[in-house]
Amino acid sequence: MALSACVETDIATDLTVEDSLEAIAITPLVREDKKINVLTRAEAAEDLDQLADYIRTQHSYVHSTQFDYVNAIAFLKSQLPDTVSVQVLGMQVQKLVQHLGDNHAQLRGWQEFLPQRFIPIAFGFHDDLVFAFHRDRSGLVDDQHPYVRSIDGIPMEQWLERAGDISSGPGASVSQRWQRSLDLLEYVDFMRSELGLTIRDEVSVVLQSADRQRSAEHVFIVTDARTETDKPFGLARDSLVLDDNIGYLRIYSQRNDELTRNIPRLMDSFKNTDALII
């Protein structure tokens, strides 16, 4: 049904997952205003059966992966309540799909299901350490203590591990896990729920010096709005015809549905150009 049709394919890994079933099946925290589409247990089970068939018939490496997706889906079915929202089931599918190994496989738009409550700072990584900076890129949160030691008393390593499993899976490349994990950390209330922490309006971030000998606590107010962080090089998103009748198609994202819809129109606008840069 609808859920399985949204999963982007080419999923593969030789990774085994032993203790992931409970983490996959836990009822995720989702936006209340998105819980309007409700499935019965039978409908949800049918969706999961179709997902299993979809993986079995269209998975590029289905015979080489060691992840027991059949057992994982059976476990999900056994945990279904009488009714479940599409968003809750969708997040469970997102978590399951990540364990199949290809970090291109995602449930489309899954971030839209998450509670829109954000930590008002952004994160980057350098030499295996996470640093905190202002979202307008005006500078580090704390020049003397640039690196994150913990959030709400939980070591940063635990936040990263959980966020990585949800956003990219255990089999993703190190750089991909880092990048997606840091992006997901900004959805602070969702991540708190995944780690069993209390949801509250303040978030405590302990930052440390490069030598890890000094630290300072910073307390932030959780915000309902997420300010987009500019790209470091400030590249424009515009596609246009350059001088000398050269078309320039700007593919600024691999995961932007609006951009995908606009590509045929943009390509049509370049049909009379002498050259095309993509």
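Just above, that's the structure.
Notes on the structure in this doc start here. (Residues numbered from 1 in each chain as written. Predicted model: local features only at pLDDT ≥ 70, side-chain atom pairs only at ≥ 80, totals over all residues. Heavy atoms only, no water.)

**Describing helix α7 (residues 174-185)**
Three- or four-residue spacings in an α-helix give side chains the same orientation, since the helix completes a turn every 3.6 residues. Condition: Where helices and strands are cited, they refer to DSSP runs of H or I of at least four residues and of E of at least two residues respectively, numbered from the N terminus. Here a helix's expected span is defined as the number of its residues, less one, multiplied by 1.5 Å. Two residues form a contact once any of their heavy atoms are found within 4.5 Å.
With 12 residues, α7 should reach 16 Å at 1.5 Å per residue; the first-to-last C-alpha distance of 16 Å fits that figure. Of the surrounding secondary structure, the elements contacted by the buried residues of α7 are α5 (86-98), β3 (122-126), β4 (129-133), α6 (156-167) and α8 (188-194).

**Topic: the pattern of salt bridges**
Note the threshold: In what follows, salt bridge is the name for a side-chain nitrogen of Lys or Arg lying within 4 Å of a carboxyl oxygen of Asp or Glu. Exposure is judged per residue with a 1.4 Å probe applied to protein chains only, and the accessible area is read against the type maximum: over 50% gives exposed, under 20% gives buried, and values in between give partly exposed.
According to the stated counting rule, one finds 16 salt bridges in the structure shown. Across the pair Asp82 and Arg41 runs a salt bridge whose closest N-O atoms are separated by 2.6 Å. One end of the pair, Asp82, is in the loop between α4 (69-78) and β2 (83-85); the other, Arg41, is in helix α3 (residues 41-58), and 41 residues separate them in sequence. For the salt bridge of Asp165 with Arg177, the shortest nitrogen-to-oxygen distance reads 3.1 Å. Of this pair, Asp165 sits in helix α6 while Arg177 sits in helix α7, and the two are 12 residues apart along the sequence. One exposure class covers both Asp165 and Arg177, and it is buried.

**Here's the deal with α4**
The following threshold applies: What the arc covers is the set of directions going from the helix axis to the C-beta atoms.
By the burial criterion, the buried members of α4 are Tyr69, Ala72, Ile73, Phe75 and Leu76. Viewed end-on, α4 has its buried residues packed into an arc of 155 degrees, placing them on one side of the element. Buried-residue contacts for α4 involve α2 (21-25), α3 and α5.

**Quick look at the nonpolar core**
Here is the rule we go by: To form a nonpolar core, buried Ala, Val, Leu, Ile, Met, Phe, Trp, Tyr and Cys residues must be joined to one another through side-chain atoms within 4.5 Å.
Among the nonpolar cores identified, the biggest contains 59 residues, and Phe123, Val148, Met156, Leu184 and Leu185 are the most heavily contacted of them. Contact partners of Val148, with chain neighbours within four places excluded, come to Phe123, Val130, Phe131, Ala132, Met156, Val205, Val206, Leu207 and Gln208.

**Comments concerning the pairing of strand β7 (residues 202-208)**
The following threshold applies: Strands were regarded as paired on the criterion that DSSP finds at least two bridges between them.
Counting buried positions along β7 yields 6 of 7 residues, so the element is predominantly enclosed. The pairing of β7 with strand β8 (residues 215-221) spans 7 bridges and is classified as antiparallel. Paired with Val205 across the two strands is His218, which belongs to β8. Here β7 folds back onto β8, and the loop between the two strands holds 6 residues, one of which, Arg212, carries a positive phi near 65 degrees.

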